[in-house]
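The primary structure of each chain is shown beneath.
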Amino acid sequence: MDRGGTVRGLDAPAAPNNLPHQLTSFIGREAELRALKALLATARLVTLIGTGGAGKSRLAAQVANASLNLWPDGVWWVELESAKDVSGAVSSTLELPGMGSALDVVASWLATKRALVILDNCEQLVAECADFATAALQRCPHLTIIATSREPLGVPGEVRWPIASLGDPDALQLFEARGQLVSPGFKVATPNREPVSQICDRLDRLPLAIEMAAARLDMMSPRELLSNLNDRFRFLTSGTRNAPDRQQTLAATIDWSHRLLTGEEARLFRRLSIFQGGFTLEGAQAVCADGPEVDVIGLLGGLVQKSMVVADRLDDDSTRFRLLESQHAFALDRLRDADELELMGRRHYWYFMGWLASQTVASTGPASGGPAPGIAGQKRKARESANLWAALTWARAGVPDKGLSLAMQVADFEFTDHTRARTLLVDLLERSQAKGAPRAKALNLSARLAMRQADHASARALADSSVAVAREVGDPELIAHALRGAGVVYHAVGELDVAAHMYEEALSQLNGSDNERLAIEVKNQLGVLTTERGKYKEGLEILAECVAYGRSQSDEPSTARFLESLANAQFGLGEVDAAASSWMESLATFRELNDAFGTIWCIGGLSLVAAARGDDDRTLRLAAVAQRMSREWSLSAWSLRINQLDAACERAKKQLGARKSEGAWNEGEAMSTTRALEYALGEDKPPAETSPEGGPLSRRELEVVALVAGGMTNRQIADRLFIAERTAEGHVERIRNKLEVRSRTEVAMWAVEHGIVARNLDKNPPASTV
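Residues numbered from 1 in each chain as written. Predicted model: local features only at pLDDT ≥ 70, side-chain atom pairs only at ≥ 80, totals over all residues. Heavy atoms only, no water.

**So, the overall build of the protein chain**
Put simply, the rule is: Numbering of helices and strands starts at the N terminus; helices are DSSP runs of H or I of at least 4 residues and strands are runs of E of at least 2. Working definition: with a 1.4 Å probe on protein chains only, accessible area under 20% of the residue-type maximum means buried, over 50% means exposed, and in between means partly exposed. By definition in these notes, contact holds between two residues if any of their heavy atoms fall within 4.5 Å. Exposure was quantified through the Shrake-Rupley algorithm and a 1.4 Å probe, taking into account, for residues, occlusion by the shown protein chains and nothing else.
Regarding its fold elements, the protein chain presents 37 helices and seven strands. Looking at the protein chain residue by residue over its 770 residues, the buried ones come to 53%. Pairs at least 24 residues apart make up 71% of the contacts formed inside the protein chain by residues separated by at least 6 positions. As displayed, the protein chain has an accessible area near 34000 Å², and 51% of this comes from carbon and sulfur atoms.

**A closer look at the nonpolar core**
How we decide: Throughout, nonpolar core names a set of buried Ala, Val, Leu, Ile, Met, Phe, Trp, Tyr and Cys residues whose side chains join them through atoms within 4.5 Å.
Ranked by internal contacts, the top residues of the largest apolar core, which has 126 residues, are L272, F279, L406 and I603. For this core, the leading source of residues is helix α23 (residues 476-492), giving 10 residues. Sequence-distant contacts of F279, defined by excluding residues within four places in its chain, comprise L272, A284, L300, V309, R320, F321, R322 and L323. If you look at the next biggest cluster of nonpolar residues, it comprises 51 residues, including L59, L70, I163 and L250.

**Remarks on the pattern of salt bridges**
To keep it simple, the criterion reads: Salt bridges, as used here, are contacts in which a Lys or Arg side-chain nitrogen is within 4 Å of a carboxyl oxygen on Asp or Glu.
Applying the stated criterion across every chain, the model contains 34 salt bridges. Two residues, E384 and R320, come together in a salt bridge whose shortest N-O distance is 2.9 Å. Within this pair, whereas E384 is found in the loop between α17 (375-383) and α18 (385-398), its partner R320 is found in strand β7 (residues 319-322), the two being separated by 64 residues in sequence. Judged on exposure class, the residue E384 and its partner R320 are both buried. Between D455 and R422 there is a salt bridge, and its shortest N-O distance comes to 2.5 Å. Here the residue D455 occupies a position in the loop between α21 (436-452) and α22 (456-473), and R422 occupies one in helix α20 (residues 418-431), the gap between them amounting to 33 residues. Where salt bridges share partners, they join R270, R271, D290, E340 and R347 into one cluster.

**A short note on the confidence of the model for the protein chain**
For the record, the criterion: Residue-level confidence of the predictor is what pLDDT reports, using numbers from 0 through 100.
Of all residues in the protein chain, 89% have pLDDT values of 70 or greater, and the mean over the chain is 84. Confidence drops under pLDDT 50 across residues 361-372; counting only partners more than four residues distant or on other chains, this segment forms 22 contacts. With pLDDT under 50 throughout, residues 685-694 is counted as low confidence; its partners more than four residues away or in other chains account for 11 contacts.

**Here we look at the sheet that holds strand β1 (residues 45-49)**
Condition: Here, a strand pair is defined by DSSP locating no fewer than two bridges between the strands. Geometry is summarised by axes, namely lines fitted to C-alpha atoms with helices restricted to the contacting stretch, and by angles between N-to-C directions that run from 0 to 180 degrees.
Here five strands make up an open sheet; going across it, the order is β2-β3-β4-β1-β5 and the pairing parallel. At either margin of the open sheet sits one strand with a lone partner, and together these are β2 (75-79) and β5 (159-162). Each strand of the sheet is rotated relative to its neighbour by a mean of 20°, with strand direction disregarded. Bridging between β1 and β5 involves four bridges; their strand directions are parallel.

**Considering the packing of α23 against helix α25 (residues 516-532)**
As a reminder, the rule being used: These descriptions rest on fixed angle ranges, namely under 35 degrees for roughly parallel, over 145 for roughly antiparallel, 65 to 115 for roughly perpendicular, and the rest for oblique. When the near helix sits turned anticlockwise from the far one by under a right angle, the crossing is termed left-handed; a clockwise turn instead gives a right-handed crossing. Side-chain classes follow a simple rule in which Ala, Val, Leu, Ile, Met, Phe, Trp, Tyr, Cys and Pro form the nonpolar group, Asp, Glu, Lys and Arg form the charged group, and the remainder, Gly included, forms the polar group.
Put simply, α23 and α25 touch, their axes get as near as 10 Å, and they point 25° apart. Taken together, the axes of α23 and α25 are roughly parallel relative to one another. At the point where α23 passes α25, the crossing takes the left-handed sense. Across the interface between the two elements, E477, A480, H481, R484, V488 and H491 from α23 touch L518, E521, V522, Q525, V528, L529 and E532 from α25. A class-by-class count of the residues in the contact of α23 with α25 yields six nonpolar, three polar and four charged.

**Re the packing of aromatic side chains**
Here a ring pair, both rings aromatic, is described through the centre-centre distance and the interplanar angle of the planes. What counts is decided by this rule: Between the rings of Phe, Tyr and Trp (Trp by its six-membered ring), a pair exists once the centres lie within 6.5 Å; its type follows the angle of the planes, with under 30 degrees stacked, over 60 edge-to-face, and the other angles tilted.
According to the stated counting rule, one finds 11 aromatic pairs in the structure shown. Measuring from ring centre to ring centre gives 5.9 Å for F279 and F321, while their planes differ by 20°; the resulting arrangement is stacked. In this pair, F279 sits in the loop between α12 (263-271) and α13 (281-288) while F321 sits in strand β7, placing the two residues 42 residues apart along the sequence. Given the relative accessible area of 2%, F279 is considered buried. Between F597 and W601, the aromatic rings sit 6.4 Å apart at their centres with planes inclined by 70°, giving edge-to-face as the arrangement. Of this pair, F597 and W601 both sit in helix α29 (residues 596-612), four residues apart, roughly one helical turn. The residues F597 and W601 share a single accessibility class, namely buried.

**Describing the pairing of β2**
Counting buried positions over the five residues of β2 gives four, a clear majority of the element. Of the strand pairs in this sheet, β2 and strand β3 (residues 115-120) are connected by five bridges, and their pairing is parallel. Bridging across to β3, W77 finds its partner in I118.

**Points about unusual backbone geometry**
In this structure, S554 is a non-glycine residue whose phi angle is positive, near 55°. Positionally, S554 belongs in the loop between α26 (536-552) and α27 (556-572). Despite not being glycine, N594 has its phi angle at roughly 55°, a positive value. With respect to the helices and strands, the residue N594 is situated in the loop between α28 (576-593) and α29.

**Comments concerning helix α32 (residues 658-670)**
Going by this rule: The length a helix should cover is 1.5 Å for every residue beyond the first. An arc is given here, and it is the one of the directions from the helix axis to the C-beta atoms.
In this model, α32 (13 residues) spans 18 Å end to end at C-alpha, consistent with the 18 Å of a helix rising 1.5 Å per residue. Here α32 has its buried residues at S661, A664, W665 and G668. Along the axis of α32, the buried positions cluster into a sector of 95°, meaning they face one direction only. Set apart from the buried face of α32 by more than 90 degrees, the exposed residues are R659, E662 and A670. Where α32 is buried, its residues contact α30 (616-633) and α31 (639-656).

**Points about the side chain of H491**
Within the secondary structure layout, H491 lies in helix α23. Given the relative accessible area of 1%, H491 is considered buried. The residues touching H491, leaving out its near neighbours within four places in the chain, are L496, A499, Y503, Q525, V528, L529, E532 and W638.

**What to know about the pairing of strand β4 (residues 143-149)**
Counting buried positions over the seven residues of β4 gives seven, a clear majority of the element. The alternating pattern of β4 places L143, I145, A147 and S149 on one face and T144, I146 and T148 on the opposite face, and all of these are buried. Note: β1 against β4, five bridges, orientation parallel. Following the sheet pairing, T47 is matched in β4 by A147. Relative to β4, β3 is paired through five bridges, and the arrangement is parallel.

**Considerations on helix α15 (residues 325-337)**
Across its 13 residues, α15 extends 18 Å between first and last C-alpha, which sits within 8% of the 18 Å expected from 1.5 Å per residue. All of the buried residues along α15 are S326, Q327, H328, F330, A331, L332 and L335. Two residues or fewer past α15, D339 is found with a positive phi of approximately 60°.

**What to know about the packing of α25 against α26**
The geometry of α25 relative to α26 is characterised by a closest axis approach of 8 Å and an angle of 155° between their N-to-C directions. Classified by the angle their axes make, α25 and α26 are roughly antiparallel. In this structure, the crossing between α25 and α26 has a hand that is left-handed. Packed against α25, whose contacting residues are E516, R517, I520, K523, N524, G527, V528, T530 and T531, the element α26 presents Y536, E538, G539, I542, L543, E545, C546 and Y549 at the interface. By residue class, the composition of the contact of α25 with α26 is seven nonpolar, five polar and five charged.

**Quick word on the environment of G574**
One can find G574 in the loop between α27 and α28. When the C-alpha atoms of G574 and A612 are compared, they prove to be 9.1 Å apart, with 38 residues separating the residues in sequence.

Now the structure itself:
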């Protein structure tokens, strides 16, 4: 049935149209295609908005072709790339006779017709397209317009439909299909899946760039292609001679948009390339503006509207901005051409030095003994990780200490790459002329990182050096800090008497100090040592004080470490349920922080709990997870924990027998980290409780997906499901990771594609009958 209610027979001729004939298959975007078809039944102006190469024109043609039955009087494709007058281009395309202005001729002809007009490539004539659309829609009541543009038209009633990057499966499928055009036997399979996936990610999963890359398969393998992407603008060209000029090369595609920017927008665009991994509005204002009179908000808004910058709404309802990787490379070239790279590098470094200091002051207060940063603060720091590493690269040549002071702050919260952090610190210690407290703290942190990787010889040498430098400085708090870290190193290798002496001296150095936090850190290590000596009750008393302090300061990261310590004392006293509760609470926090070292310790502890409860399968699965994570992250637990797990696993294997034991161990080894954490925390669901449409998602996660699709914030989701807001935030973040999408919008699109819809969110849930 068409929009006027007329039933069209199965054999009715298609509406007259001049849609471009496609010579290649349309791949992906099935959910968007369905949603747009439904939208066109009611909306009169839909603008497909996206960066160059996102596939706007192809999607518009596909939607129009799939909706021909809605437009009995015609579907007309109007190409505006080289047009000077929109009404004239429409009139010329429709081959309309008549006198008067082109707009009057078009409006008169379409006045009584049910027709669809597609205005392709509106970005160079945005104002003119807006004027035409406004006039035509007012004078032609049955007309519908689809526009493709890199920015919205800004017309009342316009539905703006952003075109996102392809999902991972669609990107791989597109690469394979286009690759087969030049290499007929090409398939994306296990041997090449990783490099192909990396190619697609490096190209932001944009269809045009993927097609250009796949066209190179006639001369090189995917791995060779990947290695050449650093020079993408020379390397990626269209293999089609009759492609539009703007699509002949990747550089031309971006340059087409770049030439439409104002001078101020172009300056901001190139300067934004100094950021890595995205940026905030505050960062853009501080680094890129030459003074407070520069309207960064307005300019950044213009770049977002013109699809030159992406604005992502994060799970905490803040907004973060980024350049797509190819746009970033293009902008960085322009920054070099403008001779502004050094200026922006210096501003970028000093901004992030100040930003880290402000984060510390905000979370600790002016006194050194104030509350430590919680999970939110640690996540903010982790979010800026790429920017901080970039600042460190500049600092090695730009500041006297070679960036050592910044490197210490980065390494102290960089949970995801201990090897990189340790290597950087050791290298800077050799290069930097920094003396005194900074050197002592850097040596101490390097020692602890070496200890985590079981490099005990290096750890001892670095720890001893840190204590020696601290004693030279003579500051009691610095000496206590160095002794605490050195004690951990000796503690890890089983030299308990040496470690105990260091902890005790550290506490004596803190007599009269108001640095309660450092004292608690020392007590935590002393409590662990006391527990290892079998004095479980005494250790429990010390560690309970540490946990109470962490909770009183709302310091979730430290509380998690103290709980892990406490669990060992509880387990030693035979309080298995209490130990399990402490390990699980600790693990939940470590998961939020992506802290692999803490995660390994907690999973190992939960394996011991399973052994104490006689659950041999779970014992082996969790021990296998801990071993796999240790191997993959190049981290090591202390010998005591390793010996405990070895003994527990041996007992479990004797109970299960060789075949079942091997099966349970292999299951643990095969678990993804996400799946392993859910299993350890008891969040995994049996098969009967998982929706077949949900794929990797649990029942609770499917509920959250439905609520995200309904437009709810994390706070609203938390209220609806009677959970903490932080728990809701964690659910959304894990859903994005599992679905391999970047934004809540993409989660909502996934929900639409899988038929997952929210209940009526304006209707109160039924009253409980319990």
